[in-house]
There are 4 protein chains.
Amino acid sequence: MTFKVDTSISPKRSLEILSQKEVENLRVTSKSEDSLHALFRQCALAILHSGKTTDDAAAMLDAYNDFEIDLIQQDRGLRLNLTNAPAQAFVDGEMIASSREMIFSALRDLIYWQSIRQSSSEDLSTSAGITDYVFHLLRNARALVAGELPKLVVCWGGHSINHEEYDYCKDVGHELGLRKLDICTGCGPGAMKGPMKGATIAHSKQRINDGRYLGITEPGIIAAEAPNPIVNELVILPDIEKRLEAFVRMGHGIIVFPGGVGTAEEILYLLGILLHPDNADIPYPLIFTGPASSEAYFVHLHEFIGQTLGIEAQQKYRIIIGNSQQAAKEMAAGIEAVREFRIKQNDAFYFNWALKIEHALQQPFDATHENMAALNLSLELPKHELAANLRRAFSGIVAGNVKPKWVRHIKKHGPYQIKGEPAIMEPLDRLLRSFVDQKRMKLPGSEYIPCYELID
Amino acid sequence: MTFKVDTSISPKRSLEILSQKEVENLRVTSKSEDSLHALFRQCALAILHSGKTTDDAAAMLDAYNDFEIDLIQQDRGLRLNLTNAPAQAFVDGEMIASSREMIFSALRDLIYWQSIRQSSSEDLSTSAGITDYVFHLLRNARALVAGELPKLVVCWGGHSINHEEYDYCKDVGHELGLRKLDICTGCGPGAMKGPMKGATIAHSKQRINDGRYLGITEPGIIAAEAPNPIVNELVILPDIEKRLEAFVRMGHGIIVFPGGVGTAEEILYLLGILLHPDNADIPYPLIFTGPASSEAYFVHLHEFIGQTLGIEAQQKYRIIIGNSQQAAKEMAAGIEAVREFRIKQNDAFYFNWALKIEHALQQPFDATHENMAALNLSLELPKHELAANLRRAFSGIVAGNVKPKWVRHIKKHGPYQIKGEPAIMEPLDRLLRSFVDQKRMKLPGSEYIPCYELID
Amino acid sequence: MTFKVDTSISPKRSLEILSQKEVENLRVTSKSEDSLHALFRQCALAILHSGKTTDDAAAMLDAYNDFEIDLIQQDRGLRLNLTNAPAQAFVDGEMIASSREMIFSALRDLIYWQSIRQSSSEDLSTSAGITDYVFHLLRNARALVAGELPKLVVCWGGHSINHEEYDYCKDVGHELGLRKLDICTGCGPGAMKGPMKGATIAHSKQRINDGRYLGITEPGIIAAEAPNPIVNELVILPDIEKRLEAFVRMGHGIIVFPGGVGTAEEILYLLGILLHPDNADIPYPLIFTGPASSEAYFVHLHEFIGQTLGIEAQQKYRIIIGNSQQAAKEMAAGIEAVREFRIKQNDAFYFNWALKIEHALQQPFDATHENMAALNLSLELPKHELAANLRRAFSGIVAGNVKPKWVRHIKKHGPYQIKGEPAIMEPLDRLLRSFVDQKRMKLPGSEYIPCYELID
Amino acid sequence: MTFKVDTSISPKRSLEILSQKEVENLRVTSKSEDSLHALFRQCALAILHSGKTTDDAAAMLDAYNDFEIDLIQQDRGLRLNLTNAPAQAFVDGEMIASSREMIFSALRDLIYWQSIRQSSSEDLSTSAGITDYVFHLLRNARALVAGELPKLVVCWGGHSINHEEYDYCKDVGHELGLRKLDICTGCGPGAMKGPMKGATIAHSKQRINDGRYLGITEPGIIAAEAPNPIVNELVILPDIEKRLEAFVRMGHGIIVFPGGVGTAEEILYLLGILLHPDNADIPYPLIFTGPASSEAYFVHLHEFIGQTLGIEAQQKYRIIIGNSQQAAKEMAAGIEAVREFRIKQNDAFYFNWALKIEHALQQPFDATHENMAALNLSLELPKHELAANLRRAFSGIVAGNVKPKWVRHIKKHGPYQIKGEPAIMEPLDRLLRSFVDQKRMKLPGSEYIPCYELID
């Protein structure tokens, strides 16, 4: 049974003052499927659902199909009226403060998207234009803080990891927090929640009242990876590529916990950047870490990277198994090197302008059968291009595994055909099989039916 | 002799993070007369000059024609390099904090203007579009604060008043501050500084640490009425009409001190709004006050208003002479009525959306001889239209008195010809003569040569 | 192996400014066993050891017998020099902020004890005098906060509970924290840490930055129950009775988790107060709660209380098994009743002056064989006196179980002889046996050898 | 006519939590003349009267002889009931926040005196004991702030100076405030208010929200020199000598404005300390400054000091006439030297422990005819002893001029006979005559009748 609540909330902070026109644009009366209101309703629902873990976003959305949220201008400003909201976001009838805040954060970002769309000031057809867009959105969300030393650690990893992995994530977060570092994740459960929880306790011990637990998400993923309530800053980017760019330009270092094919996609995205010749001299601490029982995940990844992108790529990260303290210590040292580098280069601390991200990596990849078949996977390519193409392959597999549109496509047209040299296809096959063996692929039934075929 | 200083400053607060493109747009290299950079340089110079009082803005600008300000992106963000800056903004070589803050406020507003100009989201051809523009600019400047009770008193009056009037302004500000009210002015010297100074001392006595001393200005006036250093929030609107709308929509009540023809213009602008039939039921406390020695100024104004706009217009304000405590008490009571009204109407406290301002009052008035001659000044007009036209007449006279472009025009083409019914022209003549007698007209030499002729 | 660290720390906050005489009194040169310095050294060592759990305080003290702490007056005030300090209180060589704060809290309290001892202003021979002493010590520690609504929940229970019980304590703390309640405990591990940890996460979700995690301890217990690092306010009272009075007068409600004979002692102390006729009308929410697997503990206690103190005593508390949300909800409701009562009575929120605590309950109980044998345990006694005597019996058993001095006494003179009516001795015997069965007695070897004999 | 108000106030801050016994001790029922309640009532009345300037404290006390203040314990703590309080401390019926705060500060200090009196921990018969007493009282008042750089400037001077002198004091305070320095004065009107007012405006310009305006007073002077409402920290010491010691040990530098014989007394007190051989190497910035029109005051003082205490004494201060900026600049430089010295010596910044103050200077001087006649005024004495004796002479003259008890004595027994070497008596005579000429002696009628005779 599903408990539901009707309520009405108003912002506690002053960021969310809207004009009458902005309110009109977001009101329930504008009903179309991809209207701003529909997007806002979906984000709000995911936020309110954050206590519960579910892999089946569709089922969740279904259970609350009578949920509604509307804006009204009222005395002393804006109010939101909610009907049939998930009860778990409430304590004795009152909405938990973090949920209320996150709903207004979503509102803020969606209104900003709209103002940008109507503006000619951002040219999204160029690489620089996209970077500017990401910058402006983060600035509008007050996520870029001048005058702060580098201390933001991005944590990536699976949202449905096992208990041991979760506890390890908490430990790493605790060790990072003791070293006064902040946490940024994709803001769902699992490896995205554990580090924040550990850091919260550690920041409390270190008497840090303003620790940041920054969640960066996008509408396509927010329902499946609902923001956990520890998140105290939420930013919603318009799509997955801008979200990845936000991670990479805001973070001062990245820790990767065990995950699945999605985590592999993120790693390849990052290697695609770090292997670019223009970025050769920019320090970027990158650590793969997990409990001893998860060693296999990283062993297979490491082998795959070695066989396809070579030893150079393997130099871009460190693997630390079963030692949360060591992982945090090395990250702290790495961030210190970032600080020194930025000072020497007169770079800002809050946004990594210097990093070259090719236009190709900024573009959404459309996982059609044609695009998948056309991927150029050859050892002849410059390493950063090969990494970018491998990232697209993983992106397609994620889509074919879980995104409804592409799942239907595959049912109709058969699995994707991914072609490439044997020297790449064979390691790729081994890696994907290891994910299946470790049960890190999404399992619709008891057995994983691959959405792809690898063709040498 | 003029002391000058070279220095470099960076923002203390996090509002002022710029993208690389924004920095480029504001760099010194873009040299044209009305470039963004030229505007910024002019605002910065006025801010740095704020300690000194001068009526002769041109002379000031001239004395610092070698002043320059440039932006550089540097470690931990933005820096501004200043060369040949006025020494009075510095203490032992360090810029006074309020000056530094105000320069970054100017930067913030100018960058916002530019982003708006390039956007299609604001339609400045409609009344609602202009109001939205004012709203967005104030929001971007964080001047709209949700969750605060109404307590912002706008103070208008002359920038070059006598010592007795200045002390009285301070007294009224002190009494307002003791009643925990905040101050908003046009941010220059005289009646724009006195109330802030008095309120600062009173807020200190009342242990109010976050008192607001809000200055609202525009580029055409900032050099002549340089922001006084008490101002702790500075907002620069693009022109005089938007500045007036900002005063009227943000303020919860208005106090008018003695001034000159400019102050008369402001009063007529406000009466043009308050006399509009749509605004008949909206409470708006309005008090004219000054020391006993300045009674004549208000007596003449009151007579003029009675003779042209009638008794109804005289009901819109209260005149209180020589009693600063009484003025503050009545303002506090009036603001309490505003609070009750807004709650009943579900209106926001921070922006007076309900007030109808006709498009005509939102448009800049171009003081050509033709426009001045064509003004319709007839008792037949609805009172709020007559008030609007009288406001234009005063606006033209201000321009003809002090704005270099129009001063030159008049030298060439002779004085403005203002035509109207004798029932209006005669009181207008008496009022303007009284200003001359009281030495409230700007005096280029020893004798005031009117820039206008009144024609029945 | 034991890692040790030498370091030097100074206070971050301004509370701890000492005179030169005060510094001299605490310097290492004053070497005697019960010198103020020896007490301070012992408290500091316990605080630094807080990460590790140990039941064997003696072993811990032994392992760090070369630990030393000394005070020096230095530029910008006081510094402490530490040598051979436990490494676990440090992160990469820097002391964790909470440990540093707690050491200065201990310093503050010990200096206050000394100033009180030298003063004639507190008369510790009267009940009112003892209450005043507790009040002044808490005030000096800034633990009494005017203007705050009642929201401090005292949590009692064992320091070495099982994993399931610990998780349940965290859950209850989380539910209390979601209801914006603060936590006060004896500040050791187990049931004293869990609720604070849960509340920390919940306060973070509710965006509460100033949640209180108040630890109240005394020198005799601090080594065995070292303050956990979540504690953000530490107060050290001079003995166990003043510590109990501090709990009871500061708390707005009490939750009891499973514990051992020490927890039973605390319950009887509290019933001794609540059953006093003068306190009949004073609301005091009291909840016994634990996971389903711990039900037996409360069942046996409940029976014992019924059989000795009667149904009236059973009305003073509520037992809630396996429902952390319900426990928190009822506590919140109970505290609301406290708020209303205090307002009606014009009582302060921060200190429960109204509660009558008899002088007998304020006096340390000296667990000699004579005193134990002389305890009057008879159903004839007024219930609150019987409760007070039973509390003494439990206090003696705790001492005989764990306190070195009394353990030696018993080795020499044989077990305590506790005499009383069979109607009391039999339930007491059953209760104590149940503690042994549940392994809630301290076990020096594999089998518990009772330190007492019950004699009808 | 005198307007009076009945009201009831409670503390906004948490410092003022009292025990029931403390409340009883201060209640109105304890009626004796020098009861704690009588002292408290007198301090409260002076605080409430602070807006008005009066030289005639007796008349003021008389006008409010029906004023009463009582303490009641109430819901959420303490309340004070006031009847027939001076209306000027209220705005529209509500007490000004600074007055409310200062009344609770007085309460805090008086309660602390009492606790000290009942304590044996302070030995007031030794020099170290008195210094400890001053330290503890200031610490209890939270006036000693660790971790702050030296920045407290003590300003001395007359409370009834002329308008020009007052404006100059404001200017100096403004220049000090622009240099981020704080102000400490005797907390009355005139030279004790002006610097605070100037610094308030300057701190506002420098965006300093936590500027300190510290007032240090004592019960014998508080009625005549009522704390001005700018004071945001008030400390009441028990007598004039402890007040002087508080100034000298807390201040990082002292500025002396024109005053009268009381100001001369303060200067000689300070020279008595600075000339002590033990203090020879301790930097202590001391500046005498006033407007050009007040030059005579300092010229006569300077001559007198040269003729009696010699050139060495003249090296201890700098005289700066008519240049407020220069005075502030030199004080800032002097304080920088203090900072460096304290760091080198490992001295605290918040309390000048190093300064030797002889027991003689810490003792109240009883201005009997015998004591005055017995003063040893000889050039043979060590300079610091002669300074101390001269200070006593001035202290006696102040008492004979204004303190009711000694005025009566002189009426009965004739003027004091002050004896000494001609080389001292003659300069003393000239100095005192110059004070009379400059109208800096208190004038009971139109002509000053000296309370002393100088005898060679």
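Residues numbered from 1 in each chain as written. Chains lettered and ligands numbered in written order. Predicted model: local features only at pLDDT ≥ 70, side-chain atom pairs only at ≥ 80, totals over all residues. Heavy atoms only, no water.

Per an unreviewed UniProt entry, the recorded name for chain A is AMP nucleosidase, and the organism is Halioxenophilus aromaticivorans. Per UniProt, chain A carries the Catalytic activity (unreviewed entry) text "AMP + H2O = D-ribose 5-phosphate + adenine". (UniProt positions renumbered as here; feature names shortened; annotations may be inferred.)

S.K.: Would you mind showing me how to read the nonpolar core here?
M.R.: Nonpolar side chains in soluble globular proteins tend to end up buried together. Counting residues in each nonpolar core, the largest one holds 299 residues, and the members touching the most others are Ile103 of chain A together with Ile103 of chain C. With residues near it in sequence (within four places) discarded, Ile103 of chain A still touches Ile9, Phe40, Ala44, Ile47, Leu48, Ile69, Leu80, Leu82 and Met95 of chain A. Core analysis: the second largest hydrophobic core is formed by 298 residues, Leu71, Ile305 and Ala387 of chain B together with Phe40 of chain D among them. (Core = buried A, V, L, I, M, F, W, Y, C linked by side-chain atoms within 4.5 Å. Buried < 20%, exposed > 50% of the residue type's maximum accessible area, 1.4 Å probe, protein only. Contact = heavy atoms within 4.5 Å.)

S.K.: I'm lost on unusual backbone geometry in this one. Help?
M.R.: Among all residues save glycine, negative phi is the norm, and among peptide bonds the norm is trans. Backbone geometry at Asn346 of chain B places phi at a positive 55 degrees, although glycine is not the residue there. When you line up the elements, Asn346 of chain B lands in the loop between helix H12 (324-345) and helix H13 (359-362). According to the relative accessible area criterion, Asn346 of chain B is partly exposed, its value standing at 32%. At Asp92 of chain D, a position not held by glycine, the phi torsion is positive, near 45 degrees. (Helix = DSSP H or I, 4+ residues; strand = E, 2+ residues; numbered from the N terminus.)

S.K.: Would you mind showing me how to read the interface of chain B and chain D here?
M.R.: Interfaces are often sized by the accessible area lost when the parts come together. The interface is formed by 25 residues belonging to chain B together with 25 residues belonging to chain D. In this assembly, chain B packs against chain D so that about 2,200 Å² is buried in total across both faces, 55% of it on carbon and sulfur atoms. The three residues of chain B that bury the most area against chain D are Ile201, Lys205 and Arg207 of chain B, which together make up 28% of that side's buried surface. Here chain B is connected to chain D by 6 salt bridges. Arg179 of chain D serves as the salt-bridge partner of Asp92 of chain B, at 2.8 Å between the closest nitrogen and oxygen. (Buried area = accessible area lost by both parts, 1.4 Å probe. Salt bridge = Lys/Arg side-chain N within 4 Å of Asp/Glu carboxyl O.)

S.K.: Would you explain the environment of Ala367 of chain B in this entry?
M.R.: Within the element layout of this structure, Ala367 of chain B appears in the loop between H13 and helix H14 (369-373). Sequence-distant contacts of Ala367 of chain B, that is, excluding residues within four places in its chain, are made with Gly396, Ala399, Trp406 and Tyr416 of chain B.

S.K.: How should helix H7 (residues 194-205) of chain C be read in this particular structure?
M.R.: In an α-helix, one turn spans 3.6 residues, which is why side chains three or four residues apart end up on the same side. Residues and elements named next belong to chain C. Given a rise of 1.5 Å per residue, 12 residues ought to cover 16 Å, and the 17 Å separating the end C-alpha atoms of H7 matches this to within 8%. The set of residues buried in H7 consists of Gly194, Pro195, Met196, Gly198, Ala199, Thr200, Ile201, Ala202, His203, Ser204 and Lys205. Of the residues flanking the end of H7, it is Arg207, one or two places downstream, whose phi is positive at about 55 degrees. (Expected span 1.5 Å × (residues − 1).)

S.K.: Explanation requested: the arrangement of the chains in the structure shown.
M.R.: The closest approach of any C-alpha atom in chain B to one in chain C is 18 Å; the two make no contact. No interface is formed between chain A and chain D, the nearest pair of C-alpha atoms being 18 Å apart.

S.K.: Explanation requested: helix H11 (residues 295-314) of chain C in the structure shown.
M.R.: Residue and element names in this part refer to chain C. Spanning 20 residues, H11 covers only 16 Å between terminal C-alpha atoms, well under the ideal 28 Å at 1.5 Å per step. At Thr308, H11 is bent by approximately 105 degrees, the largest bend along its length. When we look at burial in H11, the residues that qualify are Tyr297, Phe298, Leu301, Phe304, Ile305, Thr308, Leu309, Gly310, Ala313 and Gln314. Taken together, the buried residues of H11 touch strand E10 (253-256), helix H10 (261-274), strand E11 (286-290), strand E12 (318-321), helix H15 (383-402) and helix H17 (422-437). (Bend = angle between axes of the 7 residues up to and from the residue.)

S.K.: Which parts of the structure should I look at to understand the sheet that holds strand E8 (residues 213-217) of chain D?
M.R.: Sheet strands pair by backbone hydrogen bonding; their relative direction is either parallel or antiparallel. Residues and elements named next belong to chain D. Taking strand neighbours across the sheet as the criterion, the 7 strands line up as E9-E8-E7-E6-E10-E11-E12 in an open arrangement whose pairing is parallel. The open sheet has two edge strands, strand E9 (233-236) and strand E12 (318-321), and neither has a second partner. Strand-to-strand twist in this sheet, taken as the mean axis angle between neighbours without regard to direction, amounts to 25 degrees. Bridge analysis of strand E11 (residues 286-290) against E12 gives 4 bridges, and the strand direction is parallel. Residue Phe288 lies in a different strand from E12, and its bridge partner there is Ile319. (Pairing = 2+ DSSP bridges. Axes fitted to C-alpha atoms, helices over the stretch in contact; angles between N-to-C directions.)

S.K.: What is the right way to read the pattern of salt bridges from this model?
M.R.: Between side chains of opposite charge, a pair can form as their charged atoms come close. Considering all chains together, one arrives at 72 salt bridges over all chains under this definition. Residue Glu225 of chain B is joined to Arg243 of chain B by a salt bridge in which the shortest nitrogen-to-oxygen separation is 4.0 Å. Taken together, the positions of Glu225 of chain B in the loop between helix H8 (219-222) and strand E9 (233-236) and Arg243 of chain B in helix H9 (residues 240-250) put the pair 18 residues apart, joining distant regions of the chain. Arg243 of chain B carries the same exposure label as Glu225 of chain B, and that label is buried. Each of Asp92 of chain A together with Glu175 and Arg179 of chain C takes part in one network of salt bridges that share partners.

S.K.: Where do I start with the pairing of strand E6 (residues 152-156) of chain C in this structure?
M.R.: Along a regular strand, successive side chains alternate from one face of the sheet to the other. All names here are of chain C. In terms of residue burial, E6 counts as a mostly covered element, since 5 of its 5 residues are buried. Both faces of E6 are covered, namely the face carrying Leu152, Val154 and Trp156 and the face carrying Val153 and Cys155. Across 4 bridges, E6 lies against strand E7 (residues 182-185) in parallel orientation. Bridge assignment links Val153 to a residue of E7, and that residue is Ile183. In this fold, the crossover linking E6 to E7 by way of helix H6 (residues 163-178) has right-handed handedness. Where E6 and E10 come together, 4 bridges link them in parallel fashion. In the strand pairing of E10, Trp156 is matched with Val256. (Right-handed = clockwise from strand over helix to strand, strands pointing away.)

S.K.: Explanation requested: the relation of the copies chain B and chain D in the structure shown.
M.R.: Both copies of the chain are related through a single rotation about an axis accompanied by a shift along the same axis. For the pair chain B and chain D, the relating rotation is 180 degrees, the translation along its axis is 0.1 Å, and the fit reaches an RMSD of 0.1 Å. With respect to symmetry, the two chain copies, as superposed, fit the operation of a two-fold axis. By C-alpha distance to the rotation axis, the residue of chain B lying nearest is Asn209 of chain B, at 3.1 Å. Counting the interface residues of chain B, we find that 100% of their copies in chain D are interface residues as well, pointing to one common contact surface. (Least-squares fit on C-alpha atoms with pLDDT ≥ 70 in both.)

S.K.: What's the story with the side chain of Arg212 of chain B in this structure? I'm lost.
M.R.: Residue and element names in this part refer to chain B. With respect to the helices and strands, Arg212 occurs in the loop between helix H7 (194-205) and strand E8 (213-217). In this structure Arg212 comes out as buried when scored by relative accessible area, which is 15%. Setting aside residues no more than four positions away along its own chain, Arg212 makes contact with Arg142, Ala143, Val145, Asp182, Ile183, Asn232, Glu233 and Met250.

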